[in-house]
Amino acid sequence: MRTRHSMDKASPRLNRYFDVNGWLFVAPAVLLIAVFMVYPILYSLWMSFQTGRGMKMHFDLTANILRLFSDPMLGLALYNTMIFFIVQVPVMLILALLLATMLDDKRVRFRGLIRTAIFLPCVSSLVAYSVLFKSMFVQDGLVNTTLLDLGLISSPIPWMTDPFWSRVLIIIAITWRWTGYNMIFYLAALQNIDKSIHEAARIDGVPAYGRFFFLTVPMLKPVILFTTVTSTIGTLQLFDEVRNIMTSDAGGAAGPSNSALTLSVYIYNLTFKFMPNFGYAATVSYVIVIAVALLSLLQFYALRERT
Amino acid sequence: MKKAILPRALAAIALGSASLFAMTAAQAKEITIWCWDPNFNVAIMKEAGAIYAKTHPDVTFNVVDFAKADVEAKLQTGLVSGVTDSLPDIVLIEDYGAQKYLQSFPGSFEPMTGTVDYSKFAPYKVALATVEGETYSMPFDSGVTGLYYRKDYIEAAGFTPADMQNLTWDRYIEIGKTVLEKTGHHMLGLDPNDAGMIRIMMQSGGEWYFTEDGDLNISGNAALKAALETEAKILQSGIAKPAAGWSNWVGTFTSGDVASVITGVWITGTVKATLDQENKWGVAPIPTLDIPGAVAASNLGGSSWYVLSSSDVKSEAVDFLNEIYGKDVDFYQKILTGQGAVGSLMEARNGPAYAVADPFFGGEKIWQNFADWLAMVPSLNYGIFTNEVDAAVASQLPPLGKGGSVDDALAAIEAQARSAIQ
Amino acid sequence: MDLYFQRLRGGLVYLFLITAAFLSIFPFLWMVLGATNTSADISRGKFGLGGALFDNIVSFLAFADVPLILWNSLKIALLTTLFTLAVASIAGYGFEIFRSRLRDRLYRVLLLTLMIPFAALMIPLFIMMGKLHLINTHWAVILPSIGSAFIIFYFRQSTKAFPLELRDAARVDGLKEWQIFLLIYVPVMRSTYAAAFVIVFMTAWNNYLWPLIVLQSNDTKTITLVVSSIASAYYPDYGAVMVSAILATLPTLIVFFLMQRQFVQGMLGSVK
């Protein structure tokens, strides 16, 4: 690690000068976040101890917390969210890592073109891509007819009407949109790795998969940690895709049998769709906070530097 | 000299613009309205505004359209946060949600009991917007239901339009099986995420998720049980083509795929938009449930207009609604012909548009039929938790389709609903 | 033998990459083809060029004041991006260059705010905007997005690659700290800014839930809201929906292609 404080220890006066500058530099951001994030967070924390309907709210320390434990919908939302997390995040990150490693090879032609193509989905408009996916995956839409024509399936897949397949569809949709985004992070990190070590390993006869697991992956650890944590946050807050692909305007369910009901969708329903009970909605949102915090901690622990 | 002129000129400009502002404030009364569906509610509201503006040139209208779920989210945000100047002057609310808003946000909506003559409207529309003797809505479109069917398909399967009248659900399923066998067309499109069909059947049986007093009514609800049994039979018989979401469901009949549609009258415009299917459709009453007291008429959806108490032009807004929606029979003829909207003002059905024989439906007087069925719709208390219980019902539909027991489904709905309505 | 395997592997790599690229682009292709087809053809899953492009454009234009809507979206996205970049880069620089234990703790608190689901903050934010009389203004959309912990994090990480010798030399020359930031840091970190520009612009342009709640009238709406409104009509005109989807996607595509080179370079710096 380089020393970053070469001049900072010069004198108390200079120290104060740097400290004042430090505060001045971070002040605008800290103020904005305090006003538009921290204050609302504290407000909703206070709200989570309020219970009632609409405008008729009253303070109750434990009502919402007790309700958490007898709420089958919350259990389902937690279960669905965890399924998405456990299946989707690893699939997406492994796919992104594989693609990045392949595209890092200078011998591959049209690398720039392929890289751009794979990155494009995350540039697309969320609402637009939801509409597109909906129209492609309907019962006799493009995807099913193509699969039928190719002889890969014998009857149309009920993408949006069967609980299992609707979860698969959501996973496909998120993976489509975010794999390229994560790939770019890996690609950037790979290009910073010193190629001579790889070369040396290759000459020593270490096979490609060995180099990948014992050289590339360890060196990418910080980026893997970063993408894992951001993907965890993204998946646990999963909302837009489910709302725009799975929720029909007429019905109340998020996917068949609520198979795609995530925690964020449930919070949205509690706040805006059901009897307005913002207090309980706020309590449920702290379930997400705790889940994210625990998982991030776990990931930091698993990928910690062992030196 | 020059120095003295400038402030005076500034003062004159300031005064001038101030009085200009005052004048515009006094003159232009803008009524802001939130609603959904550009082809239906929005178009109708613009029409109503244009008619009213002819006699009231000082009133202008600003009709803002959002998706239905978005209107609800925005209304709920404005009400919960108490930021009333974010709210519109008039808002469209679906009938199922009316009691929820009226009861949990007391004082937020303007009662119109003193102005509007509610005896002229379909009684069930008035009852659902009444709390403690005050009625808050301008009843708007009705969701009276009908059975739309493809004459050509059922005739190809050996039936006649007469066979489609006075059906029971069992007979309907039987016909459906024959149609599927002989023509390859499914009898109906059905979205397994949507409890709409259950609500149609349950209301035709005269019951709802709640009793008149607002208590949860699930385990002892004969109409709900019969509805779930029927839906299970439909799903298991294979006569339904699964649809995912609203637009996909609409596609099942606009594409000419299915032989019938059971839904609210507001779908008529969509059915008629498929010009290549002219003369191929007929409309019959919906099948009846096999329980005592069930009728061949029900309701799905439908909505009404509400004036916000926080509005600074609420007297104008109430007057506008009363003048057009409360009295203007010609207006109702116009929106029936233009958008296929069946209003709930009873005298409107004596107007000329309702008597027209519709060439699209082979000359049937479908509007007159719908108006007659409208009077038969059982009046119910939709309660304040319809969305919650609906979500519970919808999540039990796929297991039912796979042969699950109706009693188990009822128990699960009861448990989930109990926890959701705290 | 070895050569044979190498070729086979090379072939598989290409197959994999091309499949991935094709699947990534395919929905865009479907969107463009869809815009030329009638509503009925689209729901039937027709994959091919149609002749309804002009009709679809006309019916989309009838839905909304399209130039105004695009201008609204562009205004919000550009202002959000410029303010976010300014605030976040200054803060990222500040946290990394002027280290102190207290500020590091504060930094960790800032990162924690990323974990809160936005749905939980909407009601308090809405009340706040009501008190500030900002409901139905574009500022209500822009202000809460400026303080982005994620972008601050990104700038702090990238600052680790900023050569400190430059700063030290400038200090010796007597430059003030803000001068060092403006005259040295900003030009040196051009590509970091470019990458952040792409990411923030994309997020701001596609923002859906909060604008939906806080924007109230037809003349303040953004293109994303218009797409969702058209797509959820009782009888949606898919042709018009496809045209609107193209318009909603095009600007972010343009921004990305204009900045692609700097974007990749900027990302390189962020993950060192």
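Going by the annotation in an unreviewed UniProt entry, the name recorded for chain C is Lactose ABC transporter membrane protein, with Roseibium suaedae given as the source organism. What UniProt records for chain C under Sequence similarities (unreviewed entry) is the sentence "Belongs to the binding-protein-dependent transport system permease family."

Chain A goes by Lactose ABC transporter membrane protein in an unreviewed UniProt entry, where it is assigned to Roseibium suaedae. Under the Subcellular location (unreviewed entry) heading, UniProt states for chain A: "Cell membrane".

Student: Hey, could you run me through the nonpolar core in this one?
Tutor: The tendency in soluble globular proteins is for nonpolar side chains to be buried as a group. In terms of nonpolar packing, the biggest core is built from 349 residues, with B:W305, B:F320 and B:Y325 touching the most fellow members. The dominant element in this core, judged by the number of residues it contributes, is helix α7 (residues 163-192) of chain A, at 15 residues.

Student: Looking at this structure, I do not really get the packing of aromatic side chains. What am I missing?
Tutor: For any two aromatic rings, the description comes down to two numbers: the centre-to-centre distance and the angle of the planes. Within the structure shown, the criterion is met by 66 aromatic pairs over all chains. Within the aromatic cluster, the residues linked to one another by ring pairs are A:Y129, A:F133, A:F137, A:W159, A:F164, A:W165, A:W176 and C:F28. The ring of B:Y153 has B:R150 sitting right over it, with the charged end atom 4.2 Å from the ring centre. The lysine or arginine in question, C:R156, covers the ring of C:Y107, its NZ or CZ lying 4.4 Å from the ring centre.

Student: Hey, could you run me through the interface of chain A and chain B in this one?
Tutor: It is common to give the size of an interface as the accessible area lost on bringing the parts into contact. Each partner contributes to the interface: chain A provides 35 residues, whereas chain B provides 43 residues. Contact between chain A and chain B buries roughly 3,400 Å² in total, counting both sides, with carbon and sulfur atoms accounting for 55%. Where chain A packs against chain B, one counts 1 salt bridge. Here B:K402 and A:D162 are joined by a salt bridge, their closest N and O atoms 3.3 Å apart. Here chain A and chain B share 6 residue pairs in polar contact (both at pLDDT 80 or more) between them. Among the elements of the structure, α3 (72-104), α11 (240-246) and α12 (263-273) of chain A are those that each provide at least two residues to the side of chain A that touches chain B.

Student: Please explain the environment of B:D328 as it appears in this structure.
Tutor: Residue and element names in this part refer to chain B. Note on placement: D328 falls in the loop between α12 (314-324) and α13 (329-339). In this structure the C-alpha to C-alpha distance between D328 and I51, which are 277 residues apart in sequence, comes to 9.7 Å. When neighbours within four sequence positions are excluded, D328 is seen to be in contact with I51 and E323. In this structure the side chain of D328 is engaged in a polar contact, spanning 3.1 Å, whose partner is the backbone nitrogen of D330.

Student: Looking at this model, I keep getting lost on the UniProt feature "transmembrane region" (unreviewed entry) in chain A. Mind explaining?
Tutor: Cross-referencing UniProt, the feature "transmembrane region" (unreviewed entry) maps to residues 21-46, 76-100, 112-132, 164-188, 209-229 and 278-303 of chain A in the present numbering. Structurally, residues 164-188 of chain A is divided into 100% helix and 0% strand, and its ends, taken at the C-alpha atoms, are 36 Å apart.

Student: Just checking my understanding: could you explain the pattern of salt bridges for this structure?
Tutor: Should their charged atoms come close, side chains of opposite charge can pair. All told, the structure shown has 25 salt bridges over all chains when counted by the stated rule. The shortest N-O distance in the salt bridge between B:E347 and B:K120 comes to 3.8 Å. Placement of the pair is B:E347 in the loop between α13 and α14 (352-355) and B:K120 in the loop between α4 (98-104) and α5 (123-127), with a sequence separation of 227 residues. Taking relative accessible area as the criterion, B:E347 reaches 33% and is therefore assigned partly exposed. Exposure remark for B:K120: the relative accessible area of 23% places this residue in the partly exposed category. Among the ionic pairs, B:K233 bridges to B:D170, the shortest N-O distance being 3.0 Å. Residue B:K233 is located in helix α9 (residues 222-237), and its partner B:D170 is located in helix α7 (residues 169-183); the two are separated by 63 residues in the primary sequence. When salt bridges with common partners are traced through the structure, they connect C:E96, C:R99, C:D104, C:R156 and C:K160 into a single cluster.

Student: What exactly am I supposed to notice about the side chain of A:Q50 here?
Tutor: Residues and elements named next belong to chain A. Assignment of secondary structure puts Q50 in strand β1 (residues 50-53). A relative accessible area of 9% places Q50 in the buried class. Those residues in contact with Q50, other than ones at most four positions away along the chain, are M57, H58, F59, N64, G279 and Y280.

Student: So what exactly am I meant to see when it comes to α9(B) here?
Tutor: Residues lying three or four places apart along an α-helix face the same way, a consequence of the helix completing one turn every 3.6 residues. All names here are of chain B. With 16 residues, α9 should reach 22 Å at 1.5 Å per residue; the first-to-last C-alpha distance of 22 Å fits that figure. Burial in α9 covers these residues: A223, L224, A226, A227, L228, T230, E231, A232 and I234. For α9, the N-terminal cap is N221; the gap from its side-chain oxygen to the backbone nitrogen of A223 is 3.1 Å. G238 occupies a position one or two residues after α9 and carries a positive phi of about 80 degrees.

Conventions we followed
Residues numbered from 1 in each chain as written. Chains lettered and ligands numbered in written order. Predicted model: local features only at pLDDT ≥ 70, side-chain atom pairs only at ≥ 80, totals over all residues. Heavy atoms only, no water. UniProt positions renumbered as here; feature names shortened; annotations may be inferred. Core = buried A, V, L, I, M, F, W, Y, C linked by side-chain atoms within 4.5 Å. Buried < 20%, exposed > 50% of the residue type's maximum accessible area, 1.4 Å probe, protein only. Helix = DSSP H or I, 4+ residues; strand = E, 2+ residues; numbered from the N terminus. Phe/Tyr/Trp six-rings, centres within 6.5 Å; stacked < 30°, edge-to-face > 60°. Lys NZ or Arg CZ within 6 Å of the ring centre and 35° of its normal. Contact = heavy atoms within 4.5 Å. Buried area = accessible area lost by both parts, 1.4 Å probe. Salt bridge = Lys/Arg side-chain N within 4 Å of Asp/Glu carboxyl O. Polar contact = N/O pair within 3.5 Å; in protein donor to acceptor, adjacent residues only side chain to side chain. Expected span 1.5 Å × (residues − 1).

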